[in-house]
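Okay, here's what each chain looks like letter by letter:
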Amino acid sequence: MNLASDNIAPAHPAVIEALARVNEGAATPYGKDETTARVEALLAEIFEHEVGVFLVTTGTAANALALAQMTPPWGAALAHHEAHVMHDECGAPEFFTNGAKMVGVAGADGRIDAGALADILAKNFWTPPTHVRPASLTLSQATEAGTVYRADQITELFGIAREHGMRVHMDGARFANAVVSTRETPAALTWKAGVDALSLGFTKNGAMAAEAIVLFAPELIEGLAERRKRGGHLWSKSRFIAAQALGLLENGLWLELAARANAQAARLTLGVAARGLDLAFPVEANEVFVWLPAEIHQGLQDRGAHYYVWESDCVTPARGGRPREVMARLICSWATPNEDVDAFLSAIDGAAPAKRASRSPGTPLF
Ligand SMILES: *Cc1c(COP(=O)(O)O)cnc(C)c1O
């Protein structure tokens, strides 16, 4: 019953097969190999756009390097205040931008609120040279609350950012899950909505360690190769990062795996809802945030369930927790077996035999 994250999963067999396929003979190093070229061509096709592609092996590197391409040291990168770039990257965005300021923006359910973005940009603390210049906006897709941005929501935020001359970055650690969930095309969710650069995550999607910085704005390419090298993310045997991406992108496997993760999260959601437990956020991808009364949480721990207890300030009042409840973050991956979800739900039954009344019986789940 391990629902701690999607990176607890193994690599998908197709990824291992792709690695085995390229593990033969000589290949030009440093990203000049045939496998990397195929990944670049596939990404251009998938995104229906010319792209600059820079492979790295962590999402933190992808985010920090991409933000550094669009944010000068005296600039600000705006992000949701609970975003991965704000809290989970140990200052890497600040480090790689040479000290740009990260500025948090509010928004319910993990999504940056357009009004809050417009308000903060309208404040009088953006005047040079006293103040930093708002240079970039970064959106997590899917968000850290397991919700997604629809294309029109991205377009709206982009419109505000553009008025201030800012660039738009997307942290797509779970981009595949968002594509499946929104039923929109990769193009519609990125460059067509104003996104200049995407950190496209493969690791949580089924790779071992592979992420791609995908640039849609050609003027952002200059210097990124050097920045990646200085950041220690230019692999000499780079065919092995590329092979992981290839294994997922070929035949649409990346979307198939994301669909599997999302479907498992939907099953889990129905199960917890049927047991009278309440969701803290709408479930729109592969993450389920559920309020657990203390005794159920304890019972689940005793029965060996793995998940993180979460904290968030962007829960809407209607979905707020009650006293002695903890918010549990449950994540399904492509590899989460039915048995794990079923065992988790049975463990809830074991921990709290009596059914509870939901606080919002009429609220749609999705
Ligand atoms: C997992 C994740 C990343 C990438 O994290 P790394 O551990 O650096 O690979 C980035 N953004 C979000 C929202 C994530 O969930």
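Being a predicted model, the structure only gives us computed values, none of them experimental.

A. How the structure looks around the sheet that holds strand S11 (residues 325-331). Taken in spatial order, the four strands of this open sheet run S8-S9-S11-S10, and their pairing is antiparallel. Either end of the sheet is taken by a strand with one partner, and the two such strands are strand S8 (278-279) and strand S10 (308-310). In terms of strand pairing, strand S9 (residues 287-293) meets S11 through seven bridges, oriented antiparallel. Bridge pairing in S11 places Val 290 opposite Ala 328. Packing against the sheet, helix H11 (residues 253-274) makes contact with S8, S9 and S11, and its axis sits at approximately 20° to S9.

B. Quick peek at the sheet that holds strand S7 (residues 211-215). The sheet built from seven strands is open, its strands ordered S1-S7-S6-S5-S4-S2-S3 with mixed pairing. The two strands at the open ends of the sheet, each matched to only one other strand, are strand S1 (52-56) and strand S3 (101-105). Averaged over all adjacent pairs, the angle separating strand axes in this sheet is 20°, with direction ignored. In terms of strand pairing, strand S6 (residues 197-201) meets S7 through five bridges, oriented antiparallel. Among the inter-strand pairings, Ala 197 is bridged to a residue of S7, identified as Leu 215.

C. The arrangement of the pairing of S9 in detail. For S9, the buried fraction is high: seven of the seven residues fall into the buried class. One ladder, built from two bridges, connects S8 with S9; its direction is antiparallel. Bridge pairing links Asp 278 to Trp 291 in S9.

D. Spatial organisation of unusual backbone geometry. With an omega of 0°, the peptide bond between Pro 128 and Pro 129 qualifies as cis. As for its position among the elements, Pro 129 is in the loop between helix H6 (114-122) and strand S4 (133-140). Look at the link from Gln 141 to Ala 142: it is a cis peptide, with omega at -5°. Relative to the helices and strands, Ala 142 is located in the loop between S4 and helix H7 (151-163).

E. Seen up close, the packing of aromatic side chains. Per the counting criterion, the structure on display carries seven aromatic pairs. Summarising the aromatic geometry, the rings of Phe 289 and Trp 310 are spaced 6.1 Å apart at their centres and angled 65° between planes, so their arrangement reads as edge-to-face. Taken together, the residues span a long stretch of sequence, with Phe 289 in strand S9 and Trp 310 in strand S10 at a distance of 21 residues. Among the residues examined, Phe 289 registers a relative accessible area of 1% and is labelled buried.

Cut-offs and rules
Residues numbered from 1 in each chain as written. Predicted model: local features only at pLDDT ≥ 70, side-chain atom pairs only at ≥ 80, totals over all residues. Heavy atoms only, no water. Pairing = 2+ DSSP bridges. Helix = DSSP H or I, 4+ residues; strand = E, 2+ residues; numbered from the N terminus. Contact = heavy atoms within 4.5 Å. Axes fitted to C-alpha atoms, helices over the stretch in contact; angles between N-to-C directions. Buried < 20%, exposed > 50% of the residue type's maximum accessible area, 1.4 Å probe, protein only. Phe/Tyr/Trp six-rings, centres within 6.5 Å; stacked < 30°, edge-to-face > 60°.

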